[in-house]
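Overview (structure and organization)
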Amino acid sequence: MSKTDPPHKLIETIYRAALEPKDYDAFMIEWNDWFQQRLSALENLRESDPAYNAKDFDAHFDLASRLLERINEPPSSQGGMQGPQMLVDSTGAILWLNSEAAQLLGATRGSDIASHFQSDRQKSEFMSLLRGLPGDGVPPPLVLHLTPASRDTPAQPHPFRIEPVRDGPEANLVLIASIAPAWPAAADSVLANSHDLSPGECEICAQLAQGKSAATIAELRGRSLATVRTQIKKIMAKTARSSQPELVAYLHSVMRLAETMPAPATEAPAIAHTASRTDHLALPSRSLPVELHGPENGTPVLFMHGMLDGTGVTRRATKALHDLNLRLICPHRPAFGASDPDPEGPVGAPQRFAQFLGELARRMNLDRPIMLGHMAGALYAFAAARACGAAGIVNVAGGVPIRSSAQFAAMTRRQRLVAYTARHTPSVLPFVLRAGIRQIKGSASRRFMHSLYEHAPVDNAMIQDDEISELILAGYRFSVAQGHLAFQTDSYQVVRDWSDLVAQSAPCPVRLVHGAHDPVVSLDSVRDFAATEPDRIELVARPDAGQLVFYQEPETVLRVVRDLADQRQS
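Residues numbered from 1 in each chain as written. Predicted model: local features only at pLDDT ≥ 70, side-chain atom pairs only at ≥ 80, totals over all residues. Heavy atoms only, no water.

The helix and strand tally for the protein stands at 24 helices and 13 strands. Taking all 570 residues of the protein together, 56% fall into the buried category. Considering only contacts within the protein whose residues lie at least 6 apart along the sequence, 70% involve residues at least 24 apart. (Helix = DSSP H or I, 4+ residues; strand = E, 2+ residues; numbered from the N terminus. Buried < 20%, exposed > 50% of the residue type's maximum accessible area, 1.4 Å probe, protein only. Contact = heavy atoms within 4.5 Å.)

And the structure:
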């Protein structure tokens, strides 16, 4: 294996990330290890730095991206597991399989899938499909049955969807995925109301209905097989079913009933970040959604949101806006939320958006507003300041121009890895982002949030607050509403030296509010940036805060904004 070839384990986790959102973290660990081996000698960043690409390497990411396109959004219902899944090459050898498939079939990576088909006829159909792979076009999918290697008697054949995936004229794969019925959200309430089943028992029912064996359920739930079998017997007693097959048949009937019922209402999180109103400003070639927070006649503040944070504010921030008489005007940047995407791509995106913001400022009669950039929104605050006639710029937990690899090294692993990918393997970036987005959109969104702050104690403590965590998760959904387009644009921008945007911005005072424990942009790098223009840029360091300083200390941040606004008036 050459130095540029990906290791076998990385290849496996690429497919795992594409097929199972919960395995995105395992992929990122392998991807990080691969990068570290190649960047250890890199001390400075230059536009001529190498792009780490290899033909075989890119082929796996390309194929995994196609798999992402074919798979529906991960279910968010109680039984949200994806079920047994495998990838098989054109010889019938298993390239990858998840733990549920291994448990169900007793199969291993590299073994021959043909031995698991229910009958010789079905095996013949599958082999015929494989023989048709090298031709033009893609054969239609099949539904075939595989025989479980189960201790249960008798072993019921399990239905699978057999779907060819074309990857060029010579390399082809087959995706084999369980046809497991989705568990309707209303099914839990039916079982709870009719049979007094607990939430844990309802979850087991969902797994049984999806064809999972007791052994698989035990593994997924982290329980012993004996415990799960005892729980299944209790469920059978409560539902008056005399056997497990009879119970499964009954659960399928419950599912059909639940599919006709509305999903049960869930209690809305007790957060107060809803905008006082949302306008849609008609600008040339686009309709620009604009959220508004704070008193209607307050001093105008143009808020530039970042990559993941959205435009919501906490109760404390809302109170501070009214106390300080500040009106937060929050335009949705291209491809975020419902805002139109920028058809011209990442290059030049901040400058193009600055033109729209200049028009917005004129339409809304904004008199020398303050620009407030949050996280990645910092570079957009600089880009738009002149077009908006800004009287000042306040950046909170903002990025700074990237000039050395030391700035990458100071980041936590997850943020650093996305930055490395954007800088050195841009062809791979869409997959990394889309696989992460699938985790955000699925039931693992909280796992995604915790992975960002697992090595940042101050911020990790902040996301334990229900209001803040729900606000952040809402920001995630806002950011990924249109897929990976917004992420891709911002990732391209923030990993580069964007000093030209600073030089071209309005000659107004700048304040940088930054937490000493920020896990993404180090306080030292912000201090160095401020030193480049000491007469204009001032650092406001917060010794007890991290990246989430705006949520932790909204009064401090907005007081800095108020002070700049008062300087404008004087």
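As enumerated under the stated definition, the model contains 10 aromatic pairs in all. Taking the centre distance of 6.0 Å and the plane angle of 45 degrees together, the rings of F382 and W498 count as tilted. Of this pair, F382 sits in helix α13 (residues 377–385) while W498 is found in the loop between α20 (485–494) and α21 (499–504), placing the two residues 116 residues apart along the sequence. The burial state of F382 is the same as that of W498; both residues are buried. A cation over a ring is seen here: R241 above Y250, with NZ or CZ 4.1 Å from the ring centre. In this arrangement the basic side chain of R496 is found over the ring face of Y492, its NZ or CZ atom lying 3.9 Å from the centre. (Phe/Tyr/Trp six-rings, centres within 6.5 Å; stacked < 30°, edge-to-face > 60°. Lys NZ or Arg CZ within 6 Å of the ring centre and 35° of its normal.)

This model, assessed by the stated rule, comprises 6 cavities of 30 Å³ or more. For the largest cavity, the calculated volume is near 730 Å³. M307, Q415, V494, V520 and Q547 are, among the 40 residues lining the largest cavity, the residues nearest its centre. Of all the elements in the fold, those that place two or more residues in the lining of the largest cavity are α13, α15 (413–424), α16 (429–441), α17 (445–453), α19 (466–479) and α20. Residue classes in the lining of the largest cavity are distributed as 30 nonpolar, 8 polar and 2 charged. For the second largest cavity, the calculated volume is near 50 Å³. Lining the second largest cavity are A378, N395, A397, G398, G399, V400, L512, V513, H514, V526 and F529. Elements represented by at least two residues in the lining of the second largest cavity include exactly β12 (510–515) and α22 (523–530). Per-element accounting of the lining of the second largest cavity gives the leading share, 3 residues, to β12. Residue composition of the lining of the second largest cavity, by class: 7 nonpolar, 4 polar and no charged. (1 Å grid on protein atoms, 1.4 Å probe; cavity = no way out; pocket = protein on both sides within 12 Å on 5 of 7 lines; lining within 4 Å. Points joined across faces, edges and corners; volume = space filled by probe spheres on them. Nonpolar A, V, L, I, M, F, W, Y, C, P; charged D, E, K, R; others polar.)

Turning to the state of the cysteines, a few remarks are in order. Here the structure, examined in full by the defined rule, presents 0 disulfides. The structure places no disulfide on C205, whose sulfur is separated from the nearest cysteine sulfur, that of C202, by 6.0 Å. (Disulfide = S-S within 2.5 Å.)

What follows deals with α15. Between the first and last C-alpha of α15 there are 16 Å, a value that for 12 residues agrees with the 16 Å anticipated at 1.5 Å per step. Of the positions making up α15, those classed as buried are R414, Q415, R416, L417, V418, A419, Y420, T421, A422, R423 and H424. (Expected span 1.5 Å × (residues − 1).)

Attention shifts here to the environment of Q118. Here Q118 is to be found in the loop between α4 (99–105) and α5 (120–131). The exposure class of Q118 is partly exposed, given its relative accessible area of 41%. Remark: the alpha-carbon pair of Q118 and P159, spanning 41 residues in sequence, is separated by 9.8 Å. Each residue touching Q118, except ones within four places of it in the same chain, is listed here: H145, L146, T147 and P157.

Taken N-terminus to C-terminus, the directions of helix α7 (residues 199–209) and helix α8 (residues 214–221) make an angle of 130 degrees; their axes are 10 Å apart at the nearest point. When the interaxial angle is binned, α7 and α8 end up oblique. The element α7 and its partner α8 pack so that their crossing is right-handed. Contacts between α7 and α8 involve G200, E203, I204, Q207 and L208 on the former and, on the latter, I217, L220 and R221. Of the residues that constitute the contact of α7 with α8, the class distribution is 4 nonpolar, 2 polar and 2 charged. (Axes fitted to C-alpha atoms, helices over the stretch in contact; angles between N-to-C directions. Parallel < 35°, antiparallel > 145°, perpendicular 65-115°, else oblique. Left-handed = near helix turned anticlockwise from the far one by under 90°.)

The next subject is the nonpolar core. In terms of nonpolar packing, the biggest core is built from 123 residues, with F27, W31, M371, L372, V394, F431 and Y476 touching the most fellow members. Setting aside anything within four residues of it in sequence, one finds L372 in contact with V301, L302, F303, M304, L328, V394, V396, V557 and V561. Core analysis: the second largest hydrophobic core is formed by 26 residues, L191, L197, I204 and L251 among them. (Core = buried A, V, L, I, M, F, W, Y, C linked by side-chain atoms within 4.5 Å.)

The next subject is the pattern of salt bridges. Across all of its chains, the model carries 19 salt bridges by this definition. Note that R241 and E246 form a salt bridge whose closest N and O atoms lie 4.0 Å from each other. Residue R241 is classed as partly exposed on the basis of its relative accessible area of 26%. Its salt-bridge partner being R316, residue E555 comes within 2.7 Å of it at the nearest N-O pair. Taken together, the residues E555 in helix α24 (residues 554–569) and R316 in helix α11 (residues 315–323) connect sequence positions 239 residues apart. Look at E555 and you get partly exposed, because its relative accessible area is 35%. A single network of salt bridges, built from pairs that share partners, joins D342, E344 and R352. (Salt bridge = Lys/Arg side-chain N within 4 Å of Asp/Glu carboxyl O.)

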